[in-house]
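Spelled out, the chains give:
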Amino acid sequence: MKDSVVGNCGMADAVHSTFAFPSATEHYARDTLVQAEHVKLEVKPDFKNKKLYGKVSTQFRAKVSGVSAVDFDAVELHIKSVKFGRTNLRFSQTYGKLSVSLGREMKEGEKFTINIEYSCTPRRGIFFNYPDKEYPNRPIQAWTQGESDESRFWFPSIDDPNVKVTSEVIATVPKKFVAVSNGKLVSQKINKNGTKTSHWSHEIPHSVYLISLVAGEFSELKDSYDGIPIIYYVPKGREEDAKRTFVNTPDMMKFFSKSLGLKYPYPKYSQVTVADFIFGGMENTNATTLTDSCLLDKRAMIDYNSDELLAHELAHQWFGDLITCRDWANAWLNEGFATYFEALYHEHHLGSDEFAYKMLLEAEEYFGEDRERYRRPIVTNVYEDSVELFDRHLYNKAALILHMLRFVLGDNQFWRAIRHYVQKHKMQNVTTEDFRRAIEEATGRNLEPFFDQWFKKSGYPEFKVSYEWNESSKTAKVTVNQNQSTNGETPVFMLPIEIAITARKRRVHRIDLKEKQQTFLFPMNEAPSAVEFDPSNWILKTLEFARPKEMLLKILKESPAPIERIRVVQELAKLGTQDVVDELKSAFLMEKFWAVQSRIAQALGQIRSKVALKALLQCLSVKHPKARRGVVKALGEFRDDEAAYALIKVLKHDESYFVEMETATSLGKTRSQKAFDALKKVLEKESFNETIRVGAFQGFDALRDERAIPIAMEWGKYGKPQKAREAAVGILGRLARGKPNVLDFLHNLLYDYWWRVKIYAIASIEEFRDTRSLSELQKLVDRELEGRVKRRAKEAMKKIREDRDRTQEFKALRDDLDKLKEDNRKLRDRLDLLEIKLK
């Protein structure tokens with residue numbers, strides 16, 4: 001499961017807050033006195049009325065004798081009957097549970113089947129798309145989303161990841177519709193009433209949350225890898241977009257199969273694109289569901305692709321589907337692996353520099369959440385809603401830890417361990433300890449300390465490094481301090497790391513860090529011209545490393561490590577002198593990797609001098625659109641008409657949607673008098689996923705012009721394109737703070753159809769810091785089923801209360817000060833009176 005809004009939407013000033021709310025509890029894998037072995041689902045969706053009629057037969061095997069009842073997970077389901085063969089069984093329902101009495105005690109090993117007929121008007125689990133007045137072109141579709149605990153909303157089930165079943169889905173839909181599910185299509189028949197029944201059968205056990213159904217009108221495109229059918233289901237009219245979007249899918253399957261030593265394990269692989277999907281993608285077993293916003297037009301392909309999403313969901317077929325976390329506390333074994341393997345495909349397909357930069361971006365995203373929301377151990381079973389765990393810690397940090405593990409073990413031993421883990425645990429549920437033991441079995445390495453500090457503890461090393469040269473002893477001295485606050489949660493990290501030292505030749509030294517401060521001495525024949533700390537960026541960390549300007553410039557020109565070049569660019573920007581600007585411009589023009597060019601441009605933007613502006617304008621014609629995007633981003637750092645005019649010129653047309661988006665944002669940052677009208681004009685532009693309009697609203701946000709408030713409110717209304725709505729709603733908190741009519745508008749959006757709009761509305765409401773919002777947010781928490789929305793609302797309530805309490809504390813302090821002043825005044829008056837009497 002992958003999504004673009006996992007992180008810190010709207011959170012700006014929380015530092016290391018507690019992850020778990022006071023109401024959070026410990027969660028454990030459920031008991032399995034009876035083992036569910038097979039699920040057969042027969043369903044008929046009613047698209048117009050958004051209802052589902054179903055029958056589910058679940059085959060069980062008693063693991064112990066004496067079992068006389070079975071508890072199903074079942075939320076908001078109307079149960080018509082429960083039968084054992086033809087015998088009606090007694091049952092009862094409480095919220096979330098369906099308890100079925102078997103009528104007798106089962107013997108160990110005895111198999112039995114429970115048949116349940118039910119109906120529902122689901123709010124989760126299965127979603128219906130249907131056109132309405134505001135969205136007349138919305139396609140008629142139904143699609144399921146079971147992760148993490150939501151299959152229970154569309155059929156009675158044992159809805160825990162540690163229960164694996166084989167499955168059948170038999171779906172009856174209108175004849176013109178396609179119904180897609182897990183496994184093989186066993187049969188399909190046209191019924192006399194104008195419907196069609198499709199029977200899908202999946203014979204490899206998988207967790208219930210992975211059982212899937214998608215139904216609607218789709219074009220079907222066929223592909224393959226090594227005899228395995230690969231099918232793409234896309235909206236009619238988007239066939240060419242699908243071909244360019246999915247072109248690398250067979251190569252991904254080949255790469256993962258060969259890297260893991262286990263060929264793709266299922267009989268087919270389908271990718272189905274649907275409207276208004278609530279994630280980017282979901283790895284339902286051999287039947288991935290994707291948002292249709294991943295489909296690319298020709299212009300988007302210039303500097304964008306959906307390969308990360310597609311590789312992530314395909315990697316899940318091994319990590320998540322074939323091998324599944326035992327409980328959500330160990331969900332990183334699904335998501336961290338999928339995130340790292342999407343990056344590994346990036347390395348395979350685009351090369352080592354692109355891979356290194358991707359891993360840097362993963363770290364930067366993680367740091368944002370760690371600093372601005374909360375810090376937590378990756379493995380934790382304390383939460384309210386399991387979806388809360390699906391954050392940057394679970395995805396980014398876990399992937400970065402696997403990357404470090406690759407460094408610790410070395411490539412050969414890393415892949416040996418991964419292949420052993422896959423072979424040993426295929427078709428099983430796993431914990432973090434299972435993975436650690438598999439590594440030890442494959443390599444002989446005991447990695448308990450590594451796992452303890454990175455999975456059970458929180459945080460990361462915050463390094464401050466210094467370098468000195470001792471001419472008399474011909475020794476280079478490197479001192480490494482770990483400056484993170486160490487406590488029960490964040491340790492002093494023990495890990496290897498590389499230091500590259502260049503004199504006549506560049507030599508990489510591997511050292512072991514074990515203490516809060518360590519010094520390393522390197523005998524040399526002459527003073528080094530360059531010293532680099534973790535130049536390949538293997539380690540998740542922050543780094544402060546002051547070096548002479550001449551050394552920084554040498555590294556920029558000669559280091560083979562792109563992340564080290566980026567690092568020194570950031571250091572050079574702090575110097576800001578004219579000679580540094582000249583060197584940065586020269587490096588930009590000579591640099592072959594667009595990502596380093598982009599960071600050089602941004603460094604020039606941070607300098608903000610006239611010379612830096614001139615250098616940037618000379619870089620604006622760079623060919624690579626991603627580098628050009630960095631240049632226009634940097635131009636936004638200048639409150640200068642020359643920068644604004646250059647941006648307005650780019651905004652008229654660039655070959656890249658994303659350059660235009662960044663240009664619009666930067667234009668707002670210049671605060672130019674011409675920016676408002678230019679941005680208003682930009683709103684007329686259609687683009688892939690509303691990219692350019694999103695940039696325009698970000699520009700309005702930076703411009704701080706209140707004339708944008710009614711524009712944002714208009715674009716935030718139901719009926720506008722969703723991504724444009726999100727961007728418009730997201731700026732209202734900063735633009736319109738203190739305006740009651742805007743706050744009322746935002747409160748109304750808490751009832752919106754689209755969950756992301758609610759997220760952005762919450763973020764804007766938080767900016768208002770108005771205690772009147774507390775009751776509205778509490779109502780949202782009480783009625784909302786989407787865990788991400790509930791958590792964001794609780795975070796906003798916490799911030800509003802903290803701000804209120806600070807205000808009250810300040811008022812109390814001010815009152816105390818006023819009282820003290822009044823007491824002092826009275827005392828002075830008494831002293832003056834006393835002095836008069838004494839005279």
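A quick note: this is a predicted structure, and the numbers were derived from the prediction, not measured.

Further remarks concern the overall build of the chain. Per the secondary structure count, the chain includes 25 helices and 33 strands. Against the globule reference of 28 Å for 839 residues, the chain gives a C-alpha radius of gyration of 30 Å, in line with a compact fold. For the chain, the C-alpha atoms occupy an extent of roughly 100 × 85 × 65 Å along the three principal directions. Going through the 839 residues of the chain one by one, you find that 60% of them count as buried. Counting only contacts in the chain whose residues sit at least 6 apart along the sequence, the fraction spanning at least 24 positions is 71%. Just so you have it, the chain exposes about 35,400 Å², and 49% of that area is on carbon and sulfur atoms.

Further remarks concern the side chain of serine 559. One can find serine 559 in the loop between helix H10 (549-558) and helix H11 (562-575). Contacts of serine 559, omitting those with residues within four sequence positions, involve Arg506, Glu532, Lys554, Glu564 and Arg565.

Here we take up the pattern of salt bridges. In the structure shown here, the tally under the stated rule is 83 salt bridges. A salt bridge links glutamate 583 to lysine 557, with the shortest nitrogen-to-oxygen separation between them at 3.5 Å. Within this pair, whereas glutamate 583 is found in helix H12 (residues 578-590), its partner lysine 557 is found in helix H10, the two being separated by 26 residues in sequence. What makes glutamate 583 partly exposed here is its relative accessible area of 25%. Given a relative accessible area of 58%, lysine 557 falls into the exposed group. Overlapping salt bridges bring together Glu369, Arg373, Glu388, Glu766, Arg769, Arg791, Arg792, Glu795, Asp803 and Arg806 as one network.

Attention now moves to the packing of helix H5 (residues 352-372) against helix H13 (residues 594-607). Across the interface, H5 lies against H13 with an axial gap of 9 Å and an inter-helix angle of 45 degrees. With respect to their mutual orientation, H5 and H13 come out oblique. Together, Glu354, Tyr357, Leu360, Leu361 and Glu364 of H5 and Trp594, Ala595 and Arg599 of H13 make up the contact between the two elements. Class assignment for the residues of the contact of H5 with H13 results in five nonpolar, no polar and three charged.

Let us now look at the pairing of strand E30 (residues 506-513). The side chains of a regular strand alternate, first on one face of the sheet and then on the other. As defined by bridge partners, strand E29 (residues 495-502) adjoins E30 across eight bridges and the pair is classed as antiparallel. Within E30, the position partnered with alanine 500 by the bridge is valine 508. From the end of E29 to the start of E30, which pair antiparallel, there are three residues.

To continue, consider the packing of aromatic side chains. All told, the structure shown has 55 aromatic pairs when counted by the stated rule. Aromatic side chains tryptophan 143 and phenylalanine 277 sit 4.9 Å apart centroid to centroid with 70 degrees between the ring planes, which places their arrangement in the edge-to-face category. In this pair, tryptophan 143 is assigned in strand E12 (residues 141-144) and phenylalanine 277 in the loop between strand E20 (269-274) and strand E21 (281-282), connecting sequence segments 134 residues apart. Taken as a pair, tryptophan 143 and phenylalanine 277 share a single burial class, namely buried. With centroids separated by 6.5 Å and ring planes inclined at 85 degrees, the aromatic side chains of tyrosine 340 and phenylalanine 341 adopt a geometry described as edge-to-face. The same class applies to tyrosine 340 as to phenylalanine 341, namely buried. Of note, arginine 707 hangs over the ring of phenylalanine 676, and the distance from its end group to the ring centre comes to 4.0 Å.

A sheet is described by the order of its strands in space; here five strands give the open sequence E18-E19-E20-E22-E21, paired in mixed fashion. Across the chains shown, the open sheet's two edge strands, defined by having one partner strand only, are strand E18 (219-225) and E21. Here strand E19 (residues 228-234) runs beside E20; their pairing, made up of four bridges, is parallel. Across the sheet, residue isoleucine 230 finds its bridge partner in E20, namely tyrosine 269. Taken strand by strand, helix H3 (residues 307-315) contacts E20, E21 and strand E22 (287-291), and its axis lies near 155 degrees from that of E22.

Once that is clear, we can look at unusual backbone geometry. Residue serine 148 is reached from glutamate 147 by a cis peptide bond, and omega for that bond is 5 degrees. Checked against the element boundaries, serine 148 lands in the loop between E12 and strand E13 (164-174). Located in the positive-phi region is asparagine 689, a residue other than glycine, with phi close to 55 degrees. Tracing the chain through its elements places asparagine 689 in the loop between helix H18 (675-682) and helix H19 (691-703).

So, about the packing of helix H4 (residues 332-350) against H5. At a minimum axis distance of 7 Å, the contact between H4 and H5 shows a crossing angle of 155 degrees. Considered as vectors, H4 and H5 are oriented roughly antiparallel to each other. Read as a crossing pair, H4 and H5 show a hand that is right-handed. Facing Thr339, Tyr340, Glu342, Ala343, Leu344, His346, Glu347 and Leu350 of H4, the residues of H5 in contact are Ser352, Glu354, Phe355, Lys358, Met359 and Glu362. Broken down by class, the residue content of the contact of H4 with H5 amounts to six nonpolar, three polar and five charged.

Tracing the backbone through its elements, the reader meets glutamate 369 in helix H5. Given the relative accessible area of 0%, glutamate 369 is considered buried.

So, about the nonpolar core. Within the largest apolar cluster, 228 residues are counted, with the highest numbers of intra-cluster contacts made by Phe256 and Phe435. Ranked by residues supplied to this core, first place goes to helix H6 (residues 393-409) with twelve residues. If we ignore the near neighbours within four places in the chain, the residues touching phenylalanine 435 are Trp332, Leu333, Phe337, Leu402, Leu405, Ile418, Tyr421 and Phe451. One finds Phe60, Phe128, Trp154 and Val208 within the second-largest nonpolar core, a separate group that totals 44 residues.

Turning to H18, a few remarks are in order. Taken residue by residue, H18 has Ala675, Phe676, Ala678, Leu679 and Val682 as its buried positions. The buried side chains of H18 occupy one side of the element, clustering within an arc of 165 degrees when seen end-on. Residues of H18 that are exposed and point over 90 degrees away from its buried face: Asp677 and Lys681. Along its buried surface, H18 packs onto helix H16 (641-652), helix H17 (657-669), H19 and helix H20 (708-715).

Attention now goes to H3. For an α-helix, 3.6 residues make a turn, and residues three or four places apart therefore share a direction. By the criterion of burial, H3 is predominantly enclosed, with eight of the nine residues buried. Turning to H3, its buried residues number three or more, namely Asp307, Leu309, Leu310, Ala311, His312, Glu313, Leu314 and Ala315.

Attention now goes to the environment of aspartate 353. Following the sequence through the fold, aspartate 353 ends up in helix H5. The spatial distance from the C-alpha of aspartate 353 to the C-alpha of alanine 442 is 30 Å, given a sequence separation of 89 residues. Setting aside anything within four residues of it in sequence, one finds aspartate 353 in contact with Pro562 and Phe593.

In this fold, phenylalanine 697 is placed in helix H19. Residue classification places phenylalanine 697 among the buried positions, given a relative accessible area of 0%. When the C-alpha atoms of phenylalanine 697 and serine 773 are compared, they prove to be 24 Å apart, with 76 residues separating the residues in sequence. Among all residues touching phenylalanine 697, those that are not within four sequence positions of it are Leu683, Ile711, Ala712, Trp715, Ala724, Ala727, Ala728 and Ile731.

Next up on the list: the sheet that holds strand E31 (residues 517-523). Pairing is mixed in the open sheet, where four strands are placed in the order E31-E28-E27-E33. Edge strands, defined here as strands with exactly one partner in the open sheet, are E31 and strand E33 (542-545). When the angles between neighbouring strand axes are averaged without regard to direction, this sheet yields 20 degrees. Sheet topology places strand E27 (residues 462-470) next to E33; four bridges connect them, and they run parallel. The residue bridging phenylalanine 463 from the neighbouring strand is leucine 543, located in E33.

So, how was this worked out
Residues numbered from 1 in each chain as written. Predicted model: local features only at pLDDT ≥ 70, side-chain atom pairs only at ≥ 80, totals over all residues. Heavy atoms only, no water. Helix = DSSP H or I, 4+ residues; strand = E, 2+ residues; numbered from the N terminus. Rg over C-alpha atoms; globule rule 2.2 N^0.38 Å. Buried < 20%, exposed > 50% of the residue type's maximum accessible area, 1.4 Å probe, protein only. Contact = heavy atoms within 4.5 Å. Areas by Shrake-Rupley, 256 points an atom, 1.4 Å probe, with all protein chains shown as cover. Salt bridge = Lys/Arg side-chain N within 4 Å of Asp/Glu carboxyl O. Axes fitted to C-alpha atoms, helices over the stretch in contact; angles between N-to-C directions. Parallel < 35°, antiparallel > 145°, perpendicular 65-115°, else oblique. Nonpolar A, V, L, I, M, F, W, Y, C, P; charged D, E, K, R; others polar. Pairing = 2+ DSSP bridges. Phe/Tyr/Trp six-rings, centres within 6.5 Å; stacked < 30°, edge-to-face > 60°. Lys NZ or Arg CZ within 6 Å of the ring centre and 35° of its normal. Left-handed = near helix turned anticlockwise from the far one by under 90°. Core = buried A, V, L, I, M, F, W, Y, C linked by side-chain atoms within 4.5 Å. Arc of directions from axis to C-beta.

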